[in-house]
Amino acid sequence: MNGKNKLLWFFLFVSAFVFFPRVSFAMHISEGILPLKWALFWFVLAVPFLYLGLVRLRRLTESSSQAIPMVGLVGSAVFIISCMPIPIPVAGSCSHPVGSGLAAIIIGPSLSVVVSSIALLLQALFLAHGGLSTLGANIFSMGVAGSFVAYGVFWLMVRVGFGWMAAAFMAGLLSDWATYAVTSLELSSALHGGSGAFGPMFVSILLAFAPTQVPLGILEGVLCAMAYAFVRARRFDLLGVFEKGGAT
Amino acid sequence: MTFELFSDIFTFRDNALRRLDPRVKVVVGLVAIFAVVSSQGVLFPALVFSLALMGMLLVGLPVAFMLGRFLAPLGTVLILFLLHAVLYGWTPLFSLPLFGQRVVIMQEGVLRGMHLACRVLGGFGIMVLLSSVTPSHQIFHALAYFKAPKGWLEVAMMMYRYIFVILESAADAMAAQRVRLGYCGLKRSLNSLGVLSGVVIVKSLEQAQRTHEAMLARGYKGHTPFGPMPALSPKDGWTLGLSLGVLIGLYLATEGWVFG
Amino acid sequence: MADPGFAVEAEGLSFSYTDGTRALHGVDFCLRKGEFTALLASNGSGKTTLIKVLGGLAKPQKGTVRIFGQKLGRIPRLKLYQTLGIVFQNPSDQLFAATVGEDVAFGPRNLGLDPDTVDLRVSEALEALSALHLRERAIHHLSFGEQKRVAIAGVLAMNPSVLILDEPTAGLDPSGEELMVRLLQRLNRNGGLSIVFATHSIDLLPLCADTVCVLNLGTVLCQGSARDVLCNHEMLKLAGLRLPYVTSLLMEMKDLDGVPIEGLPLTVKEARERLLEIIPPEILFKKA
Amino acid sequence: MADPGFAVEAEGLSFSYTDGTRALHGVDFCLRKGEFTALLASNGSGKTTLIKVLGGLAKPQKGTVRIFGQKLGRIPRLKLYQTLGIVFQNPSDQLFAATVGEDVAFGPRNLGLDPDTVDLRVSEALEALSALHLRERAIHHLSFGEQKRVAIAGVLAMNPSVLILDEPTAGLDPSGEELMVRLLQRLNRNGGLSIVFATHSIDLLPLCADTVCVLNLGTVLCQGSARDVLCNHEMLKLAGLRLPYVTSLLMEMKDLDGVPIEGLPLTVKEARERLLEIIPPEILFKKA
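## Quick notes on the pattern of salt bridges
Then, number 1: Across all of its chains, the model carries 33 salt bridges over all chains by this definition.
Then, number 2: Two residues, Lys203 of chain B and Asp93 of chain D, come together in a salt bridge whose shortest N-O distance is 2.8 Å. In this pair, Lys203 of chain B is assigned in helix α9 (residues 186–216) and Asp93 of chain D in the loop between β6 (84–87) and α3 (100–110), connecting two distinct chains.
Then, number 3: Relative accessible area serves as the criterion here: at 2%, Asp93 of chain D is assigned to the buried category.
Then, number 4: Arg137 of chain D is paired through a salt bridge with Glu146 of chain D; the nearest N and O atoms lie 3.6 Å apart.

Below you can see the structure in the form of structure tokens.
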């Protein structure tokens with residue numbers, strides 16, 4: 001296998017470029033890609049996080065009737081941001097931000113999982129990005145991994161003493177990369193076919209997406225930092241609703 | 001523009017499938033999708049795909065719209081197919097010259113790739129059909145009937161409604177940036193997009209405040225009351241039974257559990 | 001103090017926002033039962049704040065509001081909003097459900113009514129705004145004018161006896177404006193609703209309003225019958241407003257050219273009558 | 001084909017959204033250099049879509065747009081938006097920066113101008129809209145009318161020769177409307193800008209527009225001088241519009257009462273002149 005690998009990777013690079021415009025949504029795992037076993041596995045993994053978010057939502061609703069409209073509207077905003085075309089310098093084309101990192105630092109990671117799960121369902125149904133059987137896997141990679149990594153990084157960096165601008169940048173960047181890594185993991189674990197080819201499969205998928213995802217992550221970081229700065233400067237007071245009821 | 005892609009105008013057109021009870025559609029759709037995903041052969045997903053395609057043509061979805069929806073999964077399928085064809089398997093089928101070297105295509109990989117492609121198409125077919133004949137609020141109502149968490153549903157419905165409102169603002173804001181040359185070159189594009197994202201979030205927060213006030217003025221107490229679902233009509237019941245029967249029959253037949 | 005003839009009675013209202021902006025200062029306002037009052041105000045005069053204060057959505061620092069003689073703070077919210085309906089300017093602020101029928105049912109359902117009653121209320125409210133045919137439509141597929149009407153229906157389904165509307169005709173084209181004024185008039189005359197209609201479209205007022213209240217920079221400049229208020233040209237100008245076009249035509253003719261016009265015609269119909277009085281009949285064409 | 005006298009020339013424009021909604025169908029539109037054209041249209045008539053198509057923000061499925069004789073698709077964006085300025089309806093969608101000065105500078109900075117030139121452009125643009133005193137103000141402290149003016153200044157700072165405005169007077173109170181019309185007129189007369197002014201406030205049109213184009217359901221019903229277009233009462237009604245109030249008063253007197261009024265007075269001033277012609281001088285009061 002070794003002799004062939006180098007060539008193969010090259011081939012994959014090329015193919016990623018060729019199909020680029022449509023692969024930009026490849027961070028959503030398409031309907032039908034995961035076999036039943038794996039689809040259910042990721043659902044099971046995502047559910048506890050979703051539950052955590054719903055508990056937080058209930059607590060917020062008890063303290064203020066504003067909670068549901070606030071979370072819902074931040075959700076709409078994040079949905080729209082995730083549809084915005086980001087220019088990719090490498091490929092001379094556009095992709096789209098994930099947005100869950102930004103959501104996480106604004107409304108907290110567990111609510112961000114809730115919002116992502118809805119956004120992913122709507123995207124599957126009305127934009128044909130992602131899928132229903134793969135919803136669990138997508139919630140896990142974008143919602144759970146993206147949100148918790150972003151929030152963790154943000155919290156940690158602010159705690160350590162970095163400015164929140166840098167923290168927001170890293171949150172956006174790492175949430176995007178985390179999503180990308182987890183998606184690759186999900187894809188390769190389901191597709192390697194049990195023949196021990198998991199390793200090369202994982203690396204190939206990582207590499208196939210690398211030319212778009214590596215710069216995209218950086219751009220998402222920039223976007224996240226700018227958007228967060230904007231909200232902070234304009235209407236930081238409005239974020240108060242989400243501070244009640246703990247940090248999860 | 002991407003913003004324009006998000007349209008649900010077809011789901012409000014009247015047709016036989018649209019009139020069907022949403023609970024029936026959701027159940028049949030989910031059963032079909034999970035059956036496709038669990039299938040081991042090519043035949044069942046291919047059959048489901050052709051059924052879904054027939055359904056789409058029957059309700060008069062424009063071909064251009066359908067193609068638009070299927071382009072994304074097709075791209076993914078193609079890459080995965082190529083990956084499998086060269087990475088997986090042990091029986092060389094043939095080899096292709098590529099940049100002076102030869103890439104070997106494996107038989108098992110090609111078969112698996114084809115199976116995968118059929119699964120994606122079958123699943124997608126059902127998904128696109130379901131969403132083209134069922135308005136989202138009906139899907140949410142059906143989910144409410146099946147006891148999906150209420151908070152999740154409320155947020156989902158709020159999100160869905162206001163996507164259209166905020167989208168309009170966002171599109172206007174983007175156009176306004178564009179006419180002041182906000183999207184010329186990478187740096188300016190990124191700058192404009194960052195500001196736009198901020199604008200969108202601030203707008204949504206302000207909208208949430210105003211919406212909340214309007215909700216209070218109509219007796220909101222923190223929870224949106226759902227209306228009752230009407231009882232399933234006999235016709236809906238028959239449709240449910242019949243389509244589930246056909247699906248299961250097809251599955252058993254094609255997956256080789258009945259005829260060996 | 002609490003005159004039973006008043007639907008809404010506000011005294012000495014003052015309101016400042018937390019950032020220090022003073023929006024209202026010593027505002028007195030009243031609305032008699034069954035009256036149609038126009039709240040005439042230019043941009044930034046505190047109109048929207050006044051509406052929020054009257055509707056209990058913002059708490060004034062000073063002053064009291066009475067709804068049918070009862071102090072606002074003492075009325076339980078659920079009861080208040082069955083008495084007082086508030087329609088905001090931007091329809092998308094108050095249309096939060098997916099379809100028209102669902103949205104209008106939001107209020108009645110919050111009241112805990114049974115499904116049949118909810119259904120009846122929804123039909124009645126939509127009917128009253130000539131919007132019954134929209135019932136199954138998605139909110140985001142409605143035109144702007146339709147959205148405005150559905151937003152009013154949503155409030156009407158709470159069965160209020162007072163309706164406060166913030167710029168119900170803003171953004172509508174002429175035919176939409178006309179329809180809206182006609183519908184509101186019908187609600188007032190036949191439905192017996194007391195209506196407050198905040199607006200700055202002066203030409204529409206004389207067609208519908210019994211009384212007019214002019215708000216400027218957070219204070220009430222003038223409140224009285226439409227005729228009394230609109231004849232005070234200076235005051236209107238001060239408030240960033242003007243006379244209706246037709247009235248200003250006739251006023252100019254009277255004041256600048258010395259044409260003997262009686263009174264103050266406010267509508268096209270009145271102006272026509274006044275002018276015909278002074279045009280010698282012999283110059284008219286013969287009617288067919 | 002490409003008449004050098006035209007600033008904007010559109011032929012046979014058709015536009016449908018991807019979901020199949022047809023917004024424009026065979027629209028012809030033109031704007032001569034230095035002209036002030038009103039685009040009169042009711043809600044949902046395709047006005048906003050037409051503006052987007054003319055500004056190259058939406059690509060029509062059929063038809064061509066020429067800007068100063070050049071085909072729209074062939075003009076580089078950098079040059080296009082220094083020729084054509086587009087102001088959208090809602091100012092809060094177009095103001096992004098923290099302060100007025102910063103916001104107006106957004107365009108010039110994108111042109112890569114040096115700081116001094118940017119500064120100059122900002123002052124000039126704000127000056128032209130009588131908004132220079134707002135320069136240091138925070139956007140969210142502006143009144144609605146001020147926001148509208150600043151939004152126009154932001155586009156004006158690109159130094160365009162054509163300005164397309166979507167409902168610049170919508171939501172403004174009478175004094176704000178008057179100011180806006182005066183400012184736009186000044187830009188047109190003194191600044192030499194060609195202006196397209198989309199609106200449905202018919203009473204304001206005769207004061208400023210040289211020509212009027214009536215758009216209805218995605219097609220142009222009529223384009224011509226203000227006088228020609230507005231005399232077609234039936235057509236206006238079809239488009240959900242109406243005559244200016246003053247005109248409709250005089251038309252009613254002419255048609256229903258047989259008062260011999262010449263022509264079609266569109267403004268208060270004209271109406272006054274026409275009426276004085278037929279009122280016998282002996283009944284006038286003596287002027288002081």
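## Some points on the pairing of strand β4 (residues 62–67) of chain C
The side chains of a regular strand alternate, first on one face of the sheet and then on the other.
All names here are of chain C.
Then, number 1: Here strand β1 (residues 6–16) runs beside β4; their pairing, made up of five bridges, is antiparallel. By the bridge assignment for β4, Glu11 is matched with Thr64.
Then, number 2: Pairing analysis gives two bridges linking β4 to strand β5 (residues 70–71), with the strands arranged antiparallel. Bridge pairing links Arg66 to Lys71 in β5.

## Notes on the sheet that holds strand β2 (residues 22–32) of chain C
Residue and element names in this part refer to chain C.
Then, number 1: Strand order in the open sheet formed by four strands is β2-β1-β4-β5, with antiparallel pairing between adjacent strands. The sheet terminates laterally at β2 and β5, the two strands that pair on one side only.
Then, number 2: Inspection of the sheet shows β1 paired to β2 by seven bridges, in the antiparallel sense. Note on β2: the bridge partner recorded for Leu13 is Val27.
Then, number 3: Each of β1, β2 and β4 touches helix α1 (residues 47–54); the most contacted strand, β1, lies at about 120 degrees to it.

## Overview of the interface of chain C and chain D
Then, number 1: The partner chain D presents 40 residues to the 40 residues of chain C that form the contact.
Then, number 2: Together, the buried faces of chain C and chain D total about 3,700 Å²; carbon and sulfur atoms form 66% of this surface.
Then, number 3: Between Arg272 of chain C and Glu252 of chain D there is a salt bridge, and its shortest N-O distance comes to 3.0 Å.
Then, number 4: Seen at the junction of chain C and chain D, the total is twelve residue pairs in polar contact (both at pLDDT 80 or more).
Then, number 5: Looking at the side of chain C that touches chain D, the elements that each hand over two or more residues are α7 (174–189), α11 (245–257) and α12 (268–278) of chain C.
Then, number 6: Here the side of chain C that touches chain D gets nine residues from one element, more than from any other, and that element is α11 of chain C.

## Some words on the environment of Leu52 of chain A
Residue and element names in this part refer to chain A.
Then, number 1: With respect to the secondary-structure elements, Leu52 resides in helix α3 (residues 36–63).
Then, number 2: With 57 residues separating them along the chain, Leu52 and Pro109 place their C-alpha atoms 9.6 Å apart.
Then, number 3: The contact partners of Leu52, leaving out residues within four places of it in the chain, are Ser110 and Phe148.

## Observations concerning the nonpolar core
Then, number 1: Counting residues in hydrophobic clusters, the biggest one holds 233 residues, and the most contacted among them are Phe242 of chain A, Phe29 of chain C together with Phe29 of chain D.
Then, number 2: Tallying contributions element by element places helix α8 (residues 150–179) of chain B first for this core, with 20 residues.
Then, number 3: If you look at the next biggest cluster of nonpolar residues, it comprises 115 residues, including Ile152, Leu205 and Leu243 of chain C together with Val100 of chain D.

What counts as what
Each chain has its residues counted from 1, following the order in which its sequence is written. Chain letters start at A and ligand numbers start at 1, both assigned in the order the entries are written. In keeping with the predicted nature of the model, local features appear solely for residues at pLDDT of at least 70, side-chain atom pairs appear and are counted solely at 80 or more, and the whole-chain, interface and lining totals rest on all residues. No hydrogens and no water enter the side-chain calculation; it runs on all heavy atoms of the structure. Think of a salt bridge as a Lys or Arg side-chain nitrogen and an Asp or Glu carboxyl oxygen that are within 4 Å of each other. Strands here mean DSSP runs of E at least two residues long; helices mean DSSP runs of H or I at least four residues long; both are numbered from the N terminus. Here the term buried applies to any residue with accessible area under 20% of the maximum for its type, exposed to any over 50%, and partly exposed to those in between, with areas from a 1.4 Å probe on protein chains only. DSSP bridges decide pairing: two strands pair if at least two such bridges lie between them. In what follows, a contact means two residues having at least one pair of non-hydrogen atoms within 4.5 Å. A fitted line through C-alpha atoms serves as each axis, taken over the contacting stretch for helices, and the angle formed by two N-to-C directions is quoted from 0 to 180°. Note on definitions: buried area is the accessible-area loss of two parts on being combined, 1.4 Å probe, summed for both. Definition of a polar contact: a pair of N or O atoms within 3.5 Å, with one able to donate and the other able to accept a hydrogen when the atoms are protein atoms, and with sequence-neighbouring residues admitted only if both atoms are side-chain atoms. Here, nonpolar core means buried Ala, Val, Leu, Ile, Met, Phe, Trp, Tyr and Cys residues that are tied together by side-chain atoms lying within 4.5 Å of each other.

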